[in-house]
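Listed below are the residues making up each chain.
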Amino acid sequence: MRESKKTEKITNKNELLKVIKYLEKGFNFNSPLSNRLFDLLLVNNRSLGFYGFVLYDNNLITGAILTPLQLIKFNQTKFEYVINLSSWYMNKELRGIEAINFAKYVLNSLKDFIITDYTPNKSASAIFKYLGFTTMDSASSLVSILGCIPSMKKKQFCIINKISYANFKSFTNTKFHLMSVQDINFNKIKLRNTEFIVAGLIKKRFKWHFMGLSFYLPIYKILWNSNDYEFSKNWKSIYFEILKTYKCLFIECDFKPSDMPLSWDSIFFKSKTNQQSNYLIRSGNKGEYIAPIGSELSIDLI
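Residues numbered from 1 in each chain as written. Predicted model: local features only at pLDDT ≥ 70, side-chain atom pairs only at ≥ 80, totals over all residues. Heavy atoms only, no water.

Student: Which residues make up the packing of helix 1 (residues 13-27) against helix 2 (residues 31-44), and what are the values?
Tutor: When two helices pack together, their arrangement is given by the angle between the helix axes and the distance between those axes. For the pair helix 1 and helix 2, interaxial distance at closest approach is 10 Å and the crossing angle is 145°. Classified by chirality, the crossing of helix 2 by helix 1 is right-handed. Contacts between helix 1 and helix 2 involve Lys13, Leu16, Leu17, Ile20 and Glu24 from the first element and Ser31, Ser34, Leu37, Phe38, Leu41 and Leu42 from the second. (Axes fitted to C-alpha atoms, helices over the stretch in contact; angles between N-to-C directions. Helix = DSSP H or I, 4+ residues; strand = E, 2+ residues; numbered from the N terminus. Left-handed = near helix turned anticlockwise from the far one by under 90°. Contact = heavy atoms within 4.5 Å.)

Student: Before we move on, could you go through helix 1 and cite the residues and values that matter?
Tutor: For an α-helix, the turn length of 3.6 residues means that residues three or four places apart are oriented alike. Taking 1.5 Å of rise per residue, 15 residues should cover 21 Å, and helix 1 covers 20 Å from first to last C-alpha, within 8% of that figure. Buried within helix 1 are the following residues: Glu15, Leu16, Val19, Ile20, Tyr22, Leu23 and Glu24. Packed against the buried residues of helix 1 are strand 1 (5-10), helix 2, strand 2 (52-57), strand 3 (60-66) and strand 6 (86-90). Between the side-chain oxygen at the start of helix 1 and the backbone nitrogen of asparagine 14 there is a gap of 3.1 Å, and the oxygen is on asparagine 12. (Expected span 1.5 Å × (residues − 1). Buried < 20%, exposed > 50% of the residue type's maximum accessible area, 1.4 Å probe, protein only. Polar contact = N/O pair within 3.5 Å; in protein donor to acceptor, adjacent residues only side chain to side chain.)

Student: Break down empty space enclosed by the protein for me, citing the residues and quoting the values.
Tutor: Under the criterion given, the structure shown has 1 cavity of 30 Å³ or more. The volume enclosed by the largest cavity comes to roughly 90 Å³. Taken together, Arg36, Leu40, Ser180, Val181, Gln182, Asp183, Ile184, Gly294, Ser295, Ser298 and Ile299 form the lining of the largest cavity. Class assignment of the residues belonging to the lining of the largest cavity gives a composition of 4 nonpolar, 5 polar and 2 charged. (1 Å grid on protein atoms, 1.4 Å probe; cavity = no way out; pocket = protein on both sides within 12 Å on 5 of 7 lines; lining within 4 Å. Points joined across faces, edges and corners; volume = space filled by probe spheres on them. Nonpolar A, V, L, I, M, F, W, Y, C, P; charged D, E, K, R; others polar.)

Student: Pulling in residues and values, what's your account of the sheet that holds strand 7 (residues 114-117)?
Tutor: If you trace the 6 strands from one edge of the open sheet to the other, you get 8-17-7-5-4-11, paired in mixed fashion. Of all strands in the sheet, those bounded by a partner on one side alone are strand 8 (134-135) and strand 11 (176-177). With 2 bridges connecting them, strand 8 and strand 17 (residues 280-282) associate as antiparallel partners. What sits directly across from threonine 135, in strand 17, is leucine 280. (Pairing = 2+ DSSP bridges.)

Here's what the structure looks like:
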């Protein structure tokens with residue numbers, strides 16, 4: 001008797017399009033986001049030859065996960081490919097042992113890659129941790145432009161210049177390579193005694209609750225910086241300049257817990273600092289942290 005269920009790699013555009021349509025219904029994606037995921041995978045995974053994995057039952061899609069190539073890391077001896085797990089969805093009746101078996105198949109197929117997941121839900125997080133993932137050592141800070149008011153009198157010298165991707169690559173080409181940078185902007189930040197590079201993007205919507213009302217406001221998400229120590233130490237000097245440059249009201253950034261800066265609160269907004277991230281990683285390097293640049297978080301609609 002022919003087995004009705006099978007798991008396969010997504011290897012061509014037509015299969016990818018069918019899977020994204022399936023995910024669109026499962027996650028209630030809007031069309032712009034679906035199109036962006038499709039375009040991201042076509043660009044990022046061109047050299048890999050696959051875009052994710054799909055579970056069929058009698059030729060009907062019953063589960064799928066996308067695997068965009070996040071970045072290629074360089075070290076002295078080899079290239080390391082980092083795969084970002086994105087948009088894992090299973091039909092409700094399969095969210096048990098079938099989901100675990102599907103995840104095992106995917107992870108075994110990706111055994112030669114470093115794997116990240118920056119947006120797992122509770123169920124996916126539990127499964128991936130059971131299968132060997134660990135939580136990255138990072139925490140997030142979310143602050144508003146109103147939190148800058150107490151620091152105005154202590155404002156320090158800070159200049160932010162937008163730079164091209166080509167200039168950005170001159171700082172990072174010995175560390176990693178990105179496949180797609182459509183929504184990302186790059187900045188050279190100069191302080192009195194140091195300078196470094198910051199990459200980020202404007203998220204289209206951030207839901208803020210105030211006095212029983214909900215507002216959707218732009219938020220700037222920091223994806224990567226070239227010097228964790230200097231960036232953390234000078235956080236209060238630069239985040240207002242970033243918000244002003246990109247006309248956002250909020251900014252979010254990830255730090256190592258030991259480097260987490262304090263943030264000022266205002267009567268309108270209490271900053272959220274030292275919130276443990278739910279970023280997951282499977283890597284041979286214990287305690288490794290990989291910034292979310294190049295991942296699905298690099299899409300402004302997510």
